[in-house]
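# Per-entry structural report
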Amino acid sequence: MSTATGEAAVSRTSRALLAMAAVAVAFAAADTYVVVLALPDMMTGVGVPIDQLQRAAPIVSGFLLGYVAMLPLIGRIADLRGRVPVLVMALVLFALGSLITTVAYDMPSIVAGRFLQGVGGGGLVPATLALVADLYPVERRGVPLGVVSAVQEIGSVLGPLFGAAVLAVADWRAIFAINLAVGLVLAAAIRALAPQRRPAGARRRPDVVGLLLLLATFACAAVVFLRPAPLMRDLTWGRLFIPFAGDGRWLTPIGMATVVALVLLLAWCWFAPHPLLDLRGWTRVLVDADLVGALLLAAALGGVILAFATADPKVEVFSPQGRWYLLGALVAAAAFTWHVRRAAQPLVPRGALRRTPAWGALLVSFFVGAALIAALIDIPLFARTTVYPDDQLPAALVLVRFLLALPVGAVLGGYLIRFLSPGLVTAFGMLLAATGFVLMTRWGLTTIEEPVANLALVTGGLGFGLALAPVNAALLASTDDDAHGVASAFVVVARMVGMLVGISALTTIGLRRYYAEQLAVPPVQDVCDGKSRCKEFSDLLRVAGIAQEHAVFWGAAGCAVVAAGLALVLFRQVRPTRLAARDVFTGGA
């Protein structure tokens, strides 16, 4: 085979590998929002009354905690172990979390499943971004980065629609059963496409003992979770479900058998020469990746996430325990900083983010997230406040117009950085997003139903899309190859933290405006001629609600302008990818 033919084959394989990784990212992103419509049914399925919605918060925050808190560790492992093994392992964790969620019977089990889904889904993002940097030279990196960003946002669009489609024909558990199947198929496809490192002709013998122990573990666990009625009614087999003490499922004979099978599986994978799972190898990687530092950072990020994600933003900035969560996060962050300075091989390699565009990308990403969350949350809220007060689905579909423009902007932004500075493209995109928010501040009671609303939605979505690829490109261009995974993880973390802080701060601003407007509303008796309620009074309250959303949109526009200014200043050293590649070949002349 000629050299040209070989390069073409490698190129086709690389594109196929990246395509599978991008599909995985999209599917994981869809899972972030798939619970929007399924949450009431999920609550009922695990025994939580529908009128106690606050108890369902861990279903959402558990996924967020897994998605964000473990990202830096997974990104660092991707730098040490390789992108493809991490992609495969992340998909396996995502599939395992989907399986546990599918058969969950109480709140702890469903939260555990969602946490594992978050860990796996979050791990796909930095590994895929780093894979782009591995597969493509600098001058060809922009469009693939834009595509990855685009499919991630497309997944956000498809998540609620996918959930609604499944719920129309099946129950909520089918959603996660589909996730399980897709996760395993994608893991197998990525592993098959990855270059083989074993010598030609060498074949690895299957680990029969490990496979049997794995099947035994899953079979026993399935009985614990599903509790088949015929077995429970049987006089002999029914004894398997009688607890030794209390009423916990894991204190029964079948529960203990599951634990024993799992312990034997882990012991075999640790001591066997060629185990089904190289447990010792992954443990060494965890130690090399600085597990202690990762846990300290996870505690810091987890404190921030729990402080904001467990609060009801309509009535409080923090949850009742929010200040304690933030205090714990501050202590963990201080311990992490001390650890990084002393560790021989810290989670974040020394100097990895020393260049201005590298740490600048984190700062820009934070403000992008703070602005973006206002669109994701308050556009549907505005629709419900004005036109669709009793119907959630049409209100959510208004956001789809915004989200459909976002992936278009992501691909376009990836293309433009070949010729323009990433700082310039990012700044233009965020100013465009700010323009969209300013247009939204002019929306009235019926604007959502008018064609003019599309101008603000498309402008905002296109602007955010334009900024995604340039931020990632600036980061990758300013960090070493062996730190791309952990650096990409921190960009995602910065955006997610920006979202959490942004929605809290912007909602506080909006509520202050709402209460001020509400004080100006005349008493209901004066408006309604002595009646307890009338359309005129309801319209006045809706106007106060519109004022609240306008204040949020103004605040989001301010965050977008800050992101634009920071990008212009902090990315000024980053040249268009075509010129950067030319510098590589000419020695920077």
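Quick look at the environment of leucine 231 now. Locating leucine 231 in the fold gives a position in helix α10 (residues 229-233). Residue leucine 231 is classed as partly exposed on the basis of its relative accessible area, which comes to 28%. Distance in space between the C-alpha atoms of leucine 231 and phenylalanine 241 is 8.9 Å, their sequence separation being 10 residues. When near neighbours in sequence (up to four residues on either side) are disregarded, leucine 231 contacts Val223, Trp237, Gly238 and Phe241.

Moving on, we get to unusual backbone geometry. Positive phi values are uncommon outside glycine, yet arginine 227 reaches one of about 50 degrees. Here arginine 227 lies in the loop between α9 (208-226) and α10. Overall, the relative accessible area of 27% leaves arginine 227 in the partly exposed class. Here the phi dihedral of aspartate 290 falls at roughly 75 degrees; this positive angle occurs in a residue that is not glycine. Relative to the elements of secondary structure, aspartate 290 occurs in the loop between α12 (279-288) and α13 (291-309). A residue is classified by how much of its surface remains accessible, and aspartate 290, at 5% relative accessible area, is buried.

Attention shifts here to the pattern of salt bridges. Per the stated rule, a full pass over the model turns up five salt bridges. Note that arginine 76 and aspartate 79 form a salt bridge whose closest N and O atoms lie 3.9 Å from each other. One end of the pair, arginine 76, and the other, aspartate 79, are both in helix α4 (residues 71-81), three residues apart, so they sit about a helical turn from each other. Taken as a pair, arginine 76 and aspartate 79 share a single burial class, namely buried. Here arginine 83 makes a salt bridge to aspartate 79, at a shortest N to O gap of 2.7 Å. Classification of arginine 83 by relative accessible area gives buried; the value is 9%.

Rules used throughout
- Residue numbers run consecutively from 1 along every chain, following the written order of its sequence.
- Note on the predicted model: pLDDT of at least 70 is required for a residue's local features to be given, and 80 or more for side-chain atom pairs to be given and counted; whole-chain, interface and lining totals, by contrast, use all residues.
- Derived side-chain values reflect all non-hydrogen atoms in the structure, with water molecules and hydrogen atoms excluded from consideration.
- Helix numbering and strand numbering both begin at the N terminus, where a helix is a DSSP run of H or I of at least 4 residues and a strand a DSSP run of E of at least 2.
- Here's how the labels work: a residue is buried when its accessible area is under 20% of the maximum for its type, exposed when over 50%, partly exposed in between, all with a 1.4 Å probe on protein chains only.
- Here a residue-residue contact requires only that any non-hydrogen atoms of the pair lie within 4.5 Å.
- Any Lys or Arg side-chain nitrogen found within 4 Å of a carboxyl oxygen on Asp or Glu counts as a salt bridge.

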